[in-house]
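Summary of the model geometry
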Amino acid sequence: MRCLFLLPKIFSLAALLFLTAELRADTESSERGFSLKVLPLLQEKCLACHGEDPEKIKGDLNLMTREGMLRGGESGRPVLVPGNAETSTLYQAVTWQDEDLEMPPKENDRLNPQQVEWIKQWIDGGAPWPDEATQRSYQKAERANKENEDGVIVDHSGGQADAWTYRRYQAEDLWAFQPVIKLALPGEQGNPIDGFISEKLAAAGFEMAPEADALTMIRRATYDLTGLPPTPGEIGRFQEAWEKDSDAALEHLVDRLLASPHYGERWAQHWLDVARYADTGGYSNDWERSNMWRYRDYVIRSFNKDKPYDEFILEQLAGDELADALVAERGADVHQVRLNGDYRAEESELLIATGFLRMGGWDTAMIKEPEARQIYLDDVVNSVGQTFLATTMRCFKCHDHKFDPLPTRDYYRMYAAFAGTQLAERKAPFLAEENRANFKSERELVERLLSFAESGTKEIKAKQEEAAKKWYSENHLTYLTEAQRNGLPDEMKPPRHVGLDYVEQGLLKVREQDEWIWTRRLERFEPMVQSVYNGQRSNASGKGARKLRMPRKIDEVWRPSNFVLNGGALEAEGEPVAPGVLSVIGLPVEGASREEPYLLPDDLEGRRLKLAKWIANPQNPLTTRSIVNRIWQHHFGEAIAGNPTNFGGKGKKPTHPELLDWLAADFVDGGWSFKRMHKQIMMSRAYRQSGRNPEIEALKNADPDNRLLAYFPPRRLNSEELRDSFLAVTGELNRELGGLPIRPEITMEVALQPRMLQFSLAPAYQPSPTPEQRNRRTIYAYRVRGMADPFLEIFNQPNPNDACEARTAATVTPQVFTLLNSSMMIDRSMALARRLEKENPTLGSRIDAAFKLGLGRSVTSAERERMMRFVEDMTAYHAQKTPDAVQYPTSITRSLVEELSGKPFEYEEILPVFESYQPDLKPSEVPAETRALADFCLLIFNSNEFVYVY
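Anyway, here's the lowdown on the structure attached to this text.

So, how was this worked out
Residues numbered from 1 in each chain as written. Predicted model: local features only at pLDDT ≥ 70, side-chain atom pairs only at ≥ 80, totals over all residues. Heavy atoms only, no water. Helix = DSSP H or I, 4+ residues; strand = E, 2+ residues; numbered from the N terminus. Buried < 20%, exposed > 50% of the residue type's maximum accessible area, 1.4 Å probe, protein only. Contact = heavy atoms within 4.5 Å. Areas by Shrake-Rupley, 256 points an atom, 1.4 Å probe, with all protein chains shown as cover. Lys, Arg positive; Asp, Glu negative; His and termini not counted. Charge placed at Lys NZ, Arg CZ, Asp CG, Glu CD. Axes fitted to C-alpha atoms, helices over the stretch in contact; angles between N-to-C directions. Parallel < 35°, antiparallel > 145°, perpendicular 65-115°, else oblique. Left-handed = near helix turned anticlockwise from the far one by under 90°. Phe/Tyr/Trp six-rings, centres within 6.5 Å; stacked < 30°, edge-to-face > 60°. 1 Å grid on protein atoms, 1.4 Å probe; cavity = no way out; pocket = protein on both sides within 12 Å on 5 of 7 lines; lining within 4 Å. Points joined across faces, edges and corners; volume = space filled by probe spheres on them. Nonpolar A, V, L, I, M, F, W, Y, C, P; charged D, E, K, R; others polar. Pairing = 2+ DSSP bridges. Patch = residues over 30% accessible without salt bridge, like charges linked within 9 Å, V, L, I, M, F, W, Y side chains within 5 Å. Salt bridge = Lys/Arg side-chain N within 4 Å of Asp/Glu carboxyl O.

1. Structural notes on the overall build of the chain
Within the chain, the secondary structure is distributed over 35 helices and 11 strands. C-alpha atoms of the chain, sized along the principal axes, occupy 125 × 95 × 65 Å. Buried residues in the chain amount to 54% of all 950 residues. Within the chain, contacts between residues at least 6 apart in sequence are counted, and of these 72% link residues at least 24 apart. Surface summary for the chain: the accessible area is close to 42900 Å², and the carbon and sulfur share equals 52%. Separation of charge centres in the chain, based on 118 positive and 144 negative side chains, amounts to 2 Å.

2. Some details on the packing of helix H32 (residues 843–855) against helix H34 (residues 928–942)
Here H32 crosses H34 at 30 degrees, and the two axes come no closer than 10 Å. Considered as vectors, H32 and H34 are oriented roughly parallel to each other. The element H32 and its partner H34 pack so that their crossing is right-handed. For the pair formed by H32 and H34, the contact residues are Leu843, Arg846, Ile847, Ala850, Phe851, Gly854 and Leu855 on the first element and Leu933, Phe936 and Ile940 on the second.

3. Side note on the packing of aromatic side chains
One pass over the structure, following the stated rule, counts 48 aromatic pairs. Ring centres of Phe914 and Tyr917 lie 5.1 Å apart, and the angle between their planes is 75 degrees; on these two criteria the pair is classed as edge-to-face. Classification of Phe914 as buried rests on a relative accessible area of 6%. Assessed through its relative accessible area of 10%, Tyr917 is described here as buried.

4. With respect to the layout of surface pockets
Roughly 710 Å³ of internal volume is contained in the second largest pocket. Taken together, 31 residues make up the lining of the second largest pocket; nearest its centre are Gly637, Glu638, Arg715, Arg807 and Ala809. Put simply, the parts of the chain that give the lining of the second largest pocket at least two residues each are helix H11 (261–275), helix H22 (621–636) and strand E8 (715–716). Tallied by class, the residues present in the lining of the second largest pocket amount to 10 nonpolar, 12 polar and 9 charged.

5. Focus on the sheet that holds strand E1 (residues 147–148)
To summarise the sheet geometry, strands pair through backbone hydrogen bonds and adopt either a parallel or an antiparallel arrangement. In spatial order, the strands read E1-E2-E3; together these 3 strands make up an open sheet with antiparallel pairing. In this open sheet, the two edge strands, each paired with only one partner strand, are E1 and strand E3 (168–169). In this structure, strand E2 (residues 151–153) lies alongside E3, joined through 2 bridges in antiparallel fashion. Across the sheet, residue Val152 finds its bridge partner in E3, namely Tyr169.

6. What to know about a nonpolar patch on the surface
Nonpolar side chains collect at one region of the surface, where Leu477, Leu488 and Met492 lie side by side and expose about 210 Å² of accessible area between them. With respect to the element layout, Leu488 can be found in the loop between helix H19 (482–485) and helix H20 (502–521).

What follows is the structure, encoded as structure tokens:
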């Protein structure tokens, strides 16, 4: 009986022990959750405003301790109700339930649903706040396990806080940082690419589209590799060869196109989009970078020569250091050669390549030197990251990266790698292959404009100095020139603009600014390059971005000091940093120590070369994946990884990751050859698909974005392709390679519109004087950061201030009016009409020829009949109209406000190009029949068959 009596007590004790153990486990779970998830979240999102700085606690709410949360802020109410999240103000704030209480306040910092759940579970679990020793024990145990259900801890150089250093990432977000793996080829496909594409299609229950026809293929391939349309003769010969053996025909076509000099022009344009090519520096002065055309032509030559990509990287990032090494090898005085420019051809080419480091917009006007320096270094670091590593570096400039394992320490290590790099226009002899055909005529134009500005300045200065002499005489002082009296006290010299009224003061500023502009442009014709050097900055010129030169002497001992800049602010120097590379991919720097594998040498010379070699290392997964991803993008319209400048966790994941890796490995195995990779892609069955899949209705639901690549995606011609195609079809295109920037004719309203510079108005845009000069390929067009070509801009030519990840193909209403009514399109339609008339005797034959030239095919009988009626109707219409002749002004009157008086004044600007200008054929110069035929040509130009590649 006693045993039976004891049983209930034993059961009660067991239940109590069980409940106690369960409560202890719940508490331990809540403490662990707090230590590993909630506390780091508070540190990242809340404590900057609520506790880290005791002097600046917003709302008097301190979230550094549990007691602070229970005490609350200004309202006096606790923000934490342990055991009840729903009634806790902290939980309500992070869930944004009340629009007056949304924390964190910025949308970008808002907690995601998982993070909100962590907060809820912690509060509902009693909101325990273990001591620091307990927190550390949880953290130590957690960090010992590199991978668990929450994600992966990544090795790198370390963040600004342990919570970030040991954060976990989802494995799928780390794909770009992993080594490239060349997997075994799937299936038994002839071309490896087709195996990867077919495998995914088969898994989804689909097959590739049928093969495209011969006309589609030759247009597709010719535009892809040259950016130009195939001629009727080329189309006819290809179609014949295709009928006999399509594989052999396509291979021969690809080989021919890759051997064309126009291949380099087309693929250089893709590179220049990313490099941000422009002929001016932007900002308030938009100074011309007079020799930048030499870098543009270097890129074209590199593609035409199929320069291995690893060499291409080294030359652009460290060409000056490579040139110095070659100079030293031949026993010459390196710095003396730097100063006198006595370089050999190979060395000169290497200096030209470093123009890449001068691509970003930059100026020193209205900004302090340290800030201007930081702007340049930030720009070049981000550009190198986006261009070569598919990494947007600016995302971890101010703090450790929010989404990727990229510590801000690594940003400033890369920053330090360029800290000794200074900008300069350097002497470098012209190469034999550089086109200098228009130097004489272009120099004469610039000298004429400079002479006009100088004569205006001289006249006003003469009047000023006469008044100054009078002032000195009246004050019984010895006359001093303007230069001699500069810096004297005001009472010892005449007023600044003595003897000049406000009009003359304003005009003097205009003429002086014009002198600077035209003097600068004269450097176009000098053997100089936009380049860099290693050393301290030279102040020799004293003219900022207007004139950058190397110092006569380099301090070999000087080293820049570098720090992590907290928040990206120059005034907030943090820990010192040495030059280095990104640590996340685990690729050591060649020759680095085992203790610091990711640091570059501290030597001033060779830092960039070591960095370039690290980037060009065949084991660098970011570099190799990045470039093949771009190549694929420009063949298929979409990259495999959809954000070519951002491979991070927030970028689009690869649609075919195994294919991307196979291409990256194969690219390196093939000698980093672009042309080999083009051929590999273009000979694949995937590339040869039609744009129509029989299963298109099912695909619309299963794969609306064509990520499986079940058919070839059509694309619209980009802005340069459109202009070049118009010129090619009309017969106007001058296919000459390289040389000075050309100036196409643009809308006169835009050409002559006032464009502000810092102290004046920019000179008017004047087109190249002859059709032969201005009707060249668009890649040679003068690119002004402060003034876009309206035709190219409206068809989505990218802004050169940012790396272009992908051209947008947005269709907007102004494009319609531009293709139908713009002066550029009227000129092209007139040119095609005149060509058709010259080469064909009858209206019917002219319509036949237009279809073959513009669309690559024969006209149908129905189309011919309809177009003939259209031309006849338009002839009758034009017979009743008399077009006005186009007039070109040889000078214009400008109006500006003089800054000291605030009064407006006017002045004359000359336009000497139009004194002997050879315009394109205009409607006023031709009969009604030609104008009607030109209207028909506009229809050809506006057809989808012309504007799209299928």
